Amino acid sequence: LDVMAVLGSARARELQDTAGETKLKGYEEGFGKSRTTLDGLLAAKEPSHYVETLKLAQTLLAPPGPEALPFMKTPAYTDKNLMTALALWTSLRHTWQLQAKQSVVMMGADEGPPPGWVEPNFPFYEQLHKLIALTLVALAPIDGIEANRLKAMDALVLRVLAVGRKQAAGEELAPEDRGLFGGFMSGFGPMIANLAYFHGNEFYTDKWMSLVADVHTEVLSGQCLEEATGAAMPIYVVVPHKGRQYL
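Below is a summary of the structure that appears in this document.

Rules behind the numbers
Residues numbered from 1 in each chain as written. Predicted model: local features only at pLDDT ≥ 70, side-chain atom pairs only at ≥ 80, totals over all residues. Heavy atoms only, no water. Helix = DSSP H or I, 4+ residues; strand = E, 2+ residues; numbered from the N terminus. Buried < 20%, exposed > 50% of the residue type's maximum accessible area, 1.4 Å probe, protein only. Contact = heavy atoms within 4.5 Å. Areas by Shrake-Rupley, 256 points an atom, 1.4 Å probe, with all protein chains shown as cover. 1 Å grid on protein atoms, 1.4 Å probe; cavity = no way out; pocket = protein on both sides within 12 Å on 5 of 7 lines; lining within 4 Å. Points joined across faces, edges and corners; volume = space filled by probe spheres on them. Nonpolar A, V, L, I, M, F, W, Y, C, P; charged D, E, K, R; others polar. Phe/Tyr/Trp six-rings, centres within 6.5 Å; stacked < 30°, edge-to-face > 60°. Lys NZ or Arg CZ within 6 Å of the ring centre and 35° of its normal. Core = buried A, V, L, I, M, F, W, Y, C linked by side-chain atoms within 4.5 Å. Salt bridge = Lys/Arg side-chain N within 4 Å of Asp/Glu carboxyl O. Axes fitted to C-alpha atoms, helices over the stretch in contact; angles between N-to-C directions. Parallel < 35°, antiparallel > 145°, perpendicular 65-115°, else oblique. Left-handed = near helix turned anticlockwise from the far one by under 90°. Patch = residues over 30% accessible without salt bridge, like charges linked within 9 Å, V, L, I, M, F, W, Y side chains within 5 Å.

A closer look at the overall build of the chain
Stage number 1. The secondary structure content of the chain amounts to nine helices and four strands.
Stage number 2. Helices and strands in the chain line up, N terminus first, as α-α-α-α-α-α-α-α-α-β-β-β-β.
Stage number 3. Taken across its 247 residues, the chain has 34% of its residues classed as buried.
Stage number 4. Within the chain, residue pairs in contact and separated by at least 24 positions form 61% of the contacts whose partners lie at least 6 positions apart.
Stage number 5. Accessible area for the chain stands at about 15300 Å²; split by element, carbon and sulfur atoms hold 59% of it.

Rendered as structure tokens:
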């Protein structure tokens, strides 16, 4: 929650206030120094890959705009986005420990009266596209790197973004757009599972997609700071479709 609060999450700060963490000795001083450091990193002309990932988390923590759908203005949706940002942070820490096995999973929506529905957080998709592009540039000079799956992930992100914009504008989806949705197991599931596999790693289909990263150890006490994620949870929202509201 410290990181999320520094990134600008009012909800993270509220939870820390409730838990009494903000009253700990040195907290405010450390928070201020962290905020200053982060501001400098975010303002850099050429931010690092790590900082671009933190920017991706910020797109989840930003308050909804005035035109956001009603469900996006609820406390439950705010908490969902905060948990997603925390999972992103955990994955980031896990990745930078040079672990051999890493996976990324996206949850799609079940079929309903609309053929499917894209969560309209467009800054998130745009920043994810930018992050993938930076990763491809960083990998390009390395011999033996097979980046086709990463390129496929980028194509999927751009496709989701395009379909989401059409939905937000109330446009009728073309057959190829509707084909993006086919139920999780027959649509997004196999696509993401294929993208998550890299030669040399095991092929994981673990639906819980949990991971734990040891990020810092205090030698004298033997205590270790860990970041962890748990199971993905379904969310239920009311969305507009052709003049009607659907769950």
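Regarding the layout of surface pockets
Stage number 1. Taken as a whole, the second largest pocket encloses approximately 920 Å³ of empty space.
Stage number 2. Lining the second largest pocket are 40 residues, and of these A68, L69, M72, P120 and N121 lie nearest its centre.
Stage number 3. Listing elements by their share of the lining of the second largest pocket, those giving two or more residues are α2 (10-19), α4 (49-61), α5 (75-95), α6 (122-139), α7 (148-168) and β3 (239-241).
Stage number 4. Counting residues per element, the lining of the second largest pocket draws most heavily on α5, which supplies four residues.
Stage number 5. Within the lining of the second largest pocket, the residues separate by chemical class into 22 nonpolar, 11 polar and seven charged.

Describing the side chain of K80
Stage number 1. Within the secondary structure, K80 is located in helix α5.
Stage number 2. For K80, a relative accessible area of 14% corresponds to the buried category.
Stage number 3. Beyond its immediate stretch of four places on either side in the chain, K80 contacts E119 and I235.

Details of the packing of aromatic side chains
Stage number 1. Scanning the model with the defined rule gives three aromatic pairs in all.
Stage number 2. Here the guanidinium or amino end of R13 rests over the ring plane of F31, the centre of that ring lying 4.9 Å away.
Stage number 3. For the cation-ring pair, R165 lies above F122, with the distance from its terminal atom to the ring centre recorded as 4.8 Å.

Section: the nonpolar core
Stage number 1. Counting 39 residues, the largest nonpolar core has M4, L7, L54, Y125, L128 and I132 as its most contacted members.
Stage number 2. Those elements that place two or more of their residues in this core are α1 (2-6), α3 (27-42), α4, α5, α6 and α7.
Stage number 3. Formed by six residues, the second largest nonpolar core is a distinct cluster that contains F71, M72, Y77 and V237.

Looking at the pattern of salt bridges
Stage number 1. As enumerated under the stated definition, the model contains 10 salt bridges in all.
Stage number 2. K33 is the partner of E29 in a salt bridge, and the nearest nitrogen-oxygen pair spans 3.3 Å. With E29 and K33 both in helix α3 and four residues apart, the pair spans about one turn of that helix. Taken as a pair, E29 and K33 share a single burial class, namely exposed.
Stage number 3. Across the pair E119 and K80 runs a salt bridge whose closest N-O atoms are separated by 2.8 Å.

Description of the packing of α6 against α7
Stage number 1. Remark: α6 packs on α7, axes separated minimally by 10 Å, with the N-to-C direction vectors making an angle of 160 degrees. Considered as vectors, α6 and α7 are oriented roughly antiparallel to each other. As for the relative orientation of α6 and α7, their crossing is left-handed in sense. Packed against α6, whose contacting residues are F122, Y125, E126, L128, H129, I132, T135, L136 and L139, the element α7 presents L150, K151, M153, D154, V157, L158, V160, L161, G164, R165 and A168 at the interface.

Some words on a nonpolar patch on the surface
Stage number 1. A cluster of nonpolar residues, Y236, V238 and L247, forms a patch on the protein surface that exposes about 400 Å² of accessible area.
Stage number 2. Locating L247 in the fold gives a position in the segment after β4 (244-246).
Stage number 3. The class of L247 is exposed, set by a relative accessible area of 75%.

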